[in-house]
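Notes for the structure review
Listed here are the chains, written in short residue letters.
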Amino acid sequence: MYISLLKLLLEVTESPLLFLGLLVLIMASWGLIVSAITDIAIHLFDKKN
């Protein structure tokens, strides 16, 4: 599914530089989401005495 979406995005943009920029932006946003989820999980499971 993601591969077909990336192929469609590449066909629409037709610019490798713009495609790489969008790809980096998507990866950065996923990294921020994952780090936020792990931070929340750490705070939830961290027991305060």
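Provided above is the structure to which this section pertains.
Treat the numbers as computed from the prediction; the structure is a model and nothing was measured.

1. Side note on the overall build of the protein
When its secondary structure is counted, the protein shows two helices and zero strands. Taken along its principal axes, the extent of the C-alpha atoms in the protein is 55 × 20 × 10 Å. Scored against the burial criterion, the 49 residues of the protein give a buried share of 4%. Counting only carbon and sulfur atoms, one obtains 76% of the accessible surface of the protein, whose full area is about 4700 Å².

2. Notes on a nonpolar patch on the surface
On the surface, a cluster of nonpolar side chains totalling about 920 Å² of accessible area is made up of Tyr-2, Leu-5, Leu-8, Val-12, Ile-26, Trp-30, Ile-33, Val-34 and Ile-37. Mapped by element, the contributors of at least two residues to the nonpolar patch are α1 (2-13) and α2 (16-45). Per element, the largest residue contribution to the nonpolar patch is five residues, and it comes from α2. Structurally, the position occupied by Ile-33 is in helix α2.

3. What to know about the packing of α1 against α2
Here α1 crosses α2 at 140°, and the two axes come no closer than 9 Å. In terms of orientation, α1 and α2 fall into the oblique class. The handedness of the crossing between α1 and α2 is right-handed. Here Leu-6, Leu-9, Leu-10 and Thr-13 of α1 come into contact with α2, specifically with Leu-18, Phe-19, Leu-22 and Leu-23. Per-class residue counts for the contact of α1 with α2 are seven nonpolar, one polar and no charged.

Criteria and thresholds
- Residues numbered from 1 in each chain as written.
- Predicted model: local features only at pLDDT ≥ 70, side-chain atom pairs only at ≥ 80, totals over all residues.
- Heavy atoms only, no water.
- Helix = DSSP H or I, 4+ residues; strand = E, 2+ residues; numbered from the N terminus.
- Buried < 20%, exposed > 50% of the residue type's maximum accessible area, 1.4 Å probe, protein only.
- Areas by Shrake-Rupley, 256 points an atom, 1.4 Å probe, with all protein chains shown as cover.
- Patch = residues over 30% accessible without salt bridge, like charges linked within 9 Å, V, L, I, M, F, W, Y side chains within 5 Å.
- Salt bridge = Lys/Arg side-chain N within 4 Å of Asp/Glu carboxyl O.
- Axes fitted to C-alpha atoms, helices over the stretch in contact; angles between N-to-C directions.
- Parallel < 35°, antiparallel > 145°, perpendicular 65-115°, else oblique.
- Left-handed = near helix turned anticlockwise from the far one by under 90°.
- Contact = heavy atoms within 4.5 Å.
- Nonpolar A, V, L, I, M, F, W, Y, C, P; charged D, E, K, R; others polar.

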